[in-house]
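Single-letter residue listing:
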Amino acid sequence: MPELRRYENSQKKFVLASLSLQSASRDKGEATCQVRPSQRPCDMIALYRLRRFFDTYRGFFTGDLDLTGRHLPRWESISRRFDAFSKDYLSMIMHAKVVQREETNVLGEVEMITEYEFDPIEPFDNFLFKWQCWGTYSAMELAQETVKCVTMANGAQPKIQQLCLHHLPPELLIMIMERLCSHDALRFGSTCRLLRELSLPYIYSSRTIQLPLNLSASPVSSNDPEVKFKVKTTRYLEAQITLINQLHFLRDHPEITEQIRRAFIVDKWTLFDADHDIGASAWDEENEKVQVQKGLIAMLTPNVIAQMSNVENLGISCWPITWPTLESLARLTRLHTLELKNCSALSSLAPTTTVSLTVERLFFLHHDNIEATTILWIVLSICPHLQHLSFSVHRTDGTGFASSMPPLDFIIRVNPFLTLKTMIMDGLLLDDVETLTIWLALTTVPIPLRALKLVVDGGLRRETILNLLNALSHATKLRYLIIDGIRWAHPTLLDHVAQRFPELESLVLHYRESNIQFKTKPAQWPYSSWEYASHLANFHRLEYFGWNFRDSEAYYGTQHLADFENGYPDEEEVYRIRMKMSDEDKEVTECYEEGETIANILGAYCPTLRWVAFYLSAGFYSTSCCVRIEGSEHTSPRFEQTWNKTGELRSRMFDPSPMQHDKGWGTHLSEFVELIDD
């Protein structure tokens with residue numbers, strides 16, 4: 001079939017299929033192939049394509065500028081296509097006759113419409129099918145557009161452009177591409193061969209492979225549970241087919257997979273817990289199809305991953321990790337960041353083959369199933385160059401007391417601390433901290449660890465904290481330390497930390513008020529602020545200090561029981577407390593003015609201190625009040641309060657610095673990694 005525009009067939013082949021529309025277009029083609037081209041419904045893509053064809057031809061006479069320019073080779077190409085198009089149109093229109101009929105418009109007025117009528121209809125159908133312009137213009141509208149182009153070209157010469165976009169140096173074109181999103185790069189690259197070749201790495205630089213779940217699908221009207229489940233299973237099978245088609249397409253087009261730099265693989269059915277009962281019904285035939293297609297997906301996925309030879313960032317969510325998958329990951333020599341979220345567990349820690357990954361940054365997140373942490377330790381054992389590790393486990397009632405650490409024989413065999421620079425471990429139990437302490441103590445040489453964050457579901461006692469600090473004694477380069485969950489908060493704790501890490505730049509400590517407290521909340525530390533201040537003097541470079549401070553006057557506690565019996569609080573006291581805890585601006589101006597006083601005391605003993613953070617709480621939101629200290633030995637300190645108000649502050653505390661544009665409080669770990677590397 002002829003092309004209205006250059007490379008449009010290749011664009012359909014790569015673009016439409018890459019958008020996972022191949023199954024939809026195939027279904028559409030099967031549904032419309034029985035319908036005459038002249039009777040098919042409106043096709044907006046074909047209409048836009050035909051309009052661009054006419055506009056490009058006329059643009060050579062009007063002088064309109066487009067991306068690739070009005071150069072001579074392009075004029076010769078489009079004029080040949082227009083001549084062929086107009087010749088076929090004239091041959092087709094000879095079989096038509098002009099008729100007029102009445103038609104009522106939207107205003108209810110009767111108009112006379114002039115149009116062509118074909119008898120037989122085959123010449124018109126053949127023309128539409130040949131030029132793929134069905135569902136666009138009527139025969140009369142095609143005649144009007146063609147006459148416009150012929151009239152404009154009659155006796156006129158095309159305006160050839162002397163300087164075109166592709167005359168620019170390739171370096172400038174690449175700079176343009178780097179500033180485009182994938183959608184704009186797709187449109188930019190569809191203009192000519194040169195830009196098409198330059199745009200490929202940017203069009204396919206990011207890719208998502210997913211088992212799709214249509215959350216907006218209409219619910220089943222029947223109340224019969226068997227009918228509902230059968231519909232659900234049917235939708236799951238359709239989602240599997242869509243994924244299989246996508247995997248087949250990527251496997252058959254290595255020129256696309258080679259361009260991928262960032263990839264995501266996700267099972268949305270598992271992510272939204274929509275497949276928990278798939279495979280548990282009485283429909284054996286459907287269940288057998290589900291299992292067969294699961295096996296096909298498990299076979300295709302490693303092959304597609306292995307073809308992503310230039311991928312740098314790979315995220316896998318709610319997906320089964322098999323040894324063929326790990327072997328495929330080992331072939332990716334440029335892979336430096338790997339994210340594993342809620343992936344299925346493997347059955348054994350012993351690999352069938354020896355593989356090694358080039359991963360430098362490993363992010364691991366899992367809910368509920370603690371046994372799935374086995375995947376982390378398997379991957380950890382085959383990452384000899386790992387520098388940054390983020391490990392987070394979110395427990396529920398059923399997994400609240402299950403250990404998330406590897407067995408003893410594993411920690412003896414594998415030592416990641418020889419290369420780690422950043423480590424975040426969230427969701428640890430008290431026993432997990434003791435296991436981690438043993439793991440660290442096995443290292444007898446200096447380790448490059450520079451940032452450590454531990455979030456403990458409970459409170460660490462004095463002995464556990466001191467053992468952990470002793471085990472970290474080989475981390476001589478440690479500069480950032482966060483311990484979220486301590487039960488022992490004596491001022492001498494700061495002495496122990498300073499004795500082992502006098503060059504520490506950032507320190508965050510979160511206190512637990514009781515043994516049953518598992519989450520961070522504002523807490524009243526057991527000693528006065530001035531008693532802690534003097535113990536900060538042993539830090540030589542400390543710039544940031546944070547703790548979960550609580551204003552006792554703004555919170556009701558057991559100390560207020562006697563006051564409640566006496567009718568406390570009165571109206572004035574209620575108003576004063578509400579003024580402190582309600583509006584954000586009022587919190588800054590009234591509630592925590594004493595933060596400057598505390599910061600002044602701490603800064604007096606630690607002259608390098610620049611930030612003091614107080615972690616607070618207000619309803620469903622967590623808040624940090626950061627007091628910035630500015631001044632020097634010869635000037636009086638000046639204070640500036642900065643507020644961070646965000647939900648789930650615990651899960652966002654990757655970076656101990658409060659400045660979003662400096663070190664990025666609450667930013668993603670990858671940004672903090674760049675800071676640590678510097």
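Bear in mind that the values here come from a model prediction, so they are computed numbers and not experimental data. (Residues numbered from 1 in each chain as written. Predicted model: local features only at pLDDT ≥ 70, side-chain atom pairs only at ≥ 80, totals over all residues. Heavy atoms only, no water.)

Colleague: Break down the overall build of the protein for me, with residues and values.
Modeller: Helix and strand counts for the protein come out as 26 helices and 16 strands. Here the protein holds 678 residues, and the buried ones make up 47% of them. Looking at the protein as shown, the accessible area adds up to about 34200 Å², and 53% of this sits on carbon and sulfur atoms. (Helix = DSSP H or I, 4+ residues; strand = E, 2+ residues; numbered from the N terminus. Buried < 20%, exposed > 50% of the residue type's maximum accessible area, 1.4 Å probe, protein only. Areas by Shrake-Rupley, 256 points an atom, 1.4 Å probe, with all protein chains shown as cover.)

Colleague: Help me get a handle on the nonpolar core, residues and values and all.
Modeller: Counting residues in each nonpolar core, the largest one holds 115 residues, and the members touching the most others are Leu340, Leu436 and Leu507. Sorting elements by how many residues they give to this core places helix H10 (residues 225-252) first, with 8 residues. Those residues in contact with Leu507 that sit more than four places away from it in its chain are Leu481, Leu494, Val497, Phe539, Leu542, Tyr544, Phe545 and Gly546. (Core = buried A, V, L, I, M, F, W, Y, C linked by side-chain atoms within 4.5 Å. Contact = heavy atoms within 4.5 Å.)

Colleague: I'd like to hear about the packing of aromatic side chains, residue by residue, with values.
Modeller: Enumeration over the complete set of coordinates arrives at 26 aromatic pairs. Centroid distance Phe53 to Phe54: 5.5 Å. Interplanar angle 50°. Geometry classified as tilted. By the burial criterion, Phe53 is buried, and Phe54 matches it. Consider the rings of Phe60 and Trp75, whose centres lie 5.3 Å apart with planes at 50°: the pair is tilted. Taken as a pair, Phe60 in helix H3 (residues 44-62) and Trp75 in helix H4 (residues 72-93) lie far apart in primary sequence, 15 residues in all. Judged by its relative accessible area of 14%, Trp75 falls in the buried class. (Phe/Tyr/Trp six-rings, centres within 6.5 Å; stacked < 30°, edge-to-face > 60°.)

Colleague: So what's going on with helix H9 (residues 193-203)? Residues and values would help.
Modeller: The complete set of buried residues in H9 reads Leu195, Arg196, Ser199 and Ile203. Axial view of H9: buried residues confined to an arc of 100°, hence all on one face. (Arc of directions from axis to C-beta.)

Colleague: Mind laying out unusual backbone geometry, listing which residues take part and the relevant values?
Modeller: Asp119 connects to Pro120 through a cis peptide bond whose omega is 5°. Looking at where Pro120 falls in the secondary structure, it is placed in the loop between strand S2 (110-118) and helix H5 (122-131).

Colleague: Hey, could you go over the side chain of Thr257 for me, with residue numbers and the actual values?
Modeller: Of note, Thr257 is situated in helix H11 (residues 254-257). Overall, Thr257 belongs to the buried group, its relative accessible area being 0%. Here Thr257 is in contact with Leu250, Gln307, Met308 and Ser309, once residues within four sequence places are set aside.

Colleague: If you had to explain the packing of H4 against helix H6 (residues 139-153) to someone new, which residues and values would you point to?
Modeller: Their axes nearest at 11 Å, the elements H4 and H6 cross at an angle of 135°. Looking at the two axes, H4 sits oblique to H6. When the axes of H4 and H6 are compared, the crossing they make is left-handed. Facing Phe82, Phe85, Ser86 and Tyr89 of H4, the residues of H6 in contact are Ala139, Leu142, Ala143, Thr146, Cys149 and Val150. Classifying every residue of the contact of H4 with H6 gives 8 nonpolar, 2 polar and no charged. (Axes fitted to C-alpha atoms, helices over the stretch in contact; angles between N-to-C directions. Parallel < 35°, antiparallel > 145°, perpendicular 65-115°, else oblique. Left-handed = near helix turned anticlockwise from the far one by under 90°. Nonpolar A, V, L, I, M, F, W, Y, C, P; charged D, E, K, R; others polar.)

Colleague: Mind laying out the pairing of strand S1 (residues 96-104), listing which residues take part and the relevant values?
Modeller: Sheet analysis places S1 next to S2, joined by 9 bridges and oriented antiparallel. Each residue of the ladder has a partner; that of Gln100, found in S2, is Thr114. (Pairing = 2+ DSSP bridges.)

Colleague: So what's going on with the environment of Trp547? Which residues, and what values?
Modeller: Relative to the assigned elements, Trp547 resides in strand S13 (residues 544-547). Looking at Trp547, the relative accessible area reads 2%, which means it is buried. Here the alpha-carbon distance between Trp547 and Asp484, two residues 63 residues apart in the chain, equals 9.2 Å. Residues in contact with Trp547, not counting those within four places in the same chain, are Leu509, His510, Trp525, Ser529, Tyr532, Ile598, Ala613, Phe614 and Tyr615.

Colleague: Could you give an account of the pattern of salt bridges, naming the residues involved and the relevant values?
Modeller: The full count for this structure, using the stated rule, is 11 salt bridges. Lys341 is paired through a salt bridge with Glu339; the nearest N and O atoms lie 3.9 Å apart. Accessibility expressed as a relative area gives 14% for Glu339, which makes it buried. Via salt bridges that share partners, Asp55, Arg58 and Glu145 belong to a single interconnected network. (Salt bridge = Lys/Arg side-chain N within 4 Å of Asp/Glu carboxyl O.)

Colleague: Pulling in residues and values, what's your account of a nonpolar patch on the surface?
Modeller: A cluster of nonpolar side chains, contributed by Leu168, Leu172, Met175 and Ile176, occupies part of the molecular surface with about 290 Å² of accessible area. With respect to the helices, strands and loops of the structure, Leu168 is situated in the loop between H6 and helix H7 (170-178). The exposure class assigned to Leu168 is partly exposed, which follows from its relative accessible area of 31%. (Patch = residues over 30% accessible without salt bridge, like charges linked within 9 Å, V, L, I, M, F, W, Y side chains within 5 Å.)

Colleague: With reference to specific residues and values, describe the pairing of S13.
Modeller: Covered by surrounding structure in S13 are Tyr544 and Gly546 together with Phe545 and Trp547, the residues of both alternating faces. Where strand S12 (residues 506-511) and S13 come together, 4 bridges link them in parallel fashion. Residue pairing for S13: Leu507 is matched across the bridge by Phe545.

Colleague: Got a sec to walk through the packing of H3 against H4? Specific residues and values, please.
Modeller: For the pair H3 and H4, the least separation of the axes is 11 Å and the interaxial angle reads 125°. Overall, the two elements H3 and H4 adopt an arrangement that is oblique. Seen from above, H3 lies across H4 with left-handed handedness. Residues Leu50, Phe53, Phe54, Thr56, Tyr57, Phe60 and Phe61 of H3 touch H4, and the partners they reach there are Arg74, Trp75, Ile78, Ser79, Arg81, Phe82 and Phe85. Partitioned by chemical class, the residues of the contact of H3 with H4 number 10 nonpolar, 2 polar and 2 charged.

Colleague: I'd like a description of the state of the cysteines, backed by residues and values.
Modeller: Under the defined criterion, the tally for this structure stands at 0 disulfides. Not part of a disulfide, Cys343 finds its nearest cysteine sulfur in Cys318, a span of 7.2 Å. With relative accessibility at 2%, the residue Cys343 sits in the buried group. (Disulfide = S-S within 2.5 Å.)

Colleague: Account for the confidence of the model for the protein, with residues named and values stated.
Modeller: Counting all residues, the mean pLDDT for the protein is 76, and 71% of those residues have values of 70 or more. Predicted confidence in the protein is weakest over helix H25 (residues 649-652), with a mean pLDDT of 34, and strongest over helix H18 (residues 462-471), with 95. The low-confidence segment residues 279-283 (pLDDT under 50) makes 9 contacts with residues lying over four places distant or belonging to another chain. Note that pLDDT drops below 50 for residues 617-622; the model gives that stretch 11 contacts with residues more than four away or on any other chain. (pLDDT = per-residue confidence, 0-100.)

Colleague: Please set out the environment of Trp525 residue by residue, giving values where relevant.
Modeller: Tracing the backbone through its elements, the reader meets Trp525 in the loop between S12 and helix H20 (529-533). Overall, Trp525 belongs to the buried group, its relative accessible area being 10%. Expressed as a C-alpha distance, the spacing of Trp525 and Trp488, which sit 37 residues apart in the sequence, is 9.8 Å. For Trp525, the residues in contact, after removing those within four places along its chain, are Ile486, Ala489, Leu509, Tyr511, Tyr532, Trp547 and Asn548. Within the local environment of Trp525, its side chain forms a polar contact with the side chain of Asn548, the two groups lying 3.1 Å apart. (Polar contact = N/O pair within 3.5 Å; in protein donor to acceptor, adjacent residues only side chain to side chain.)

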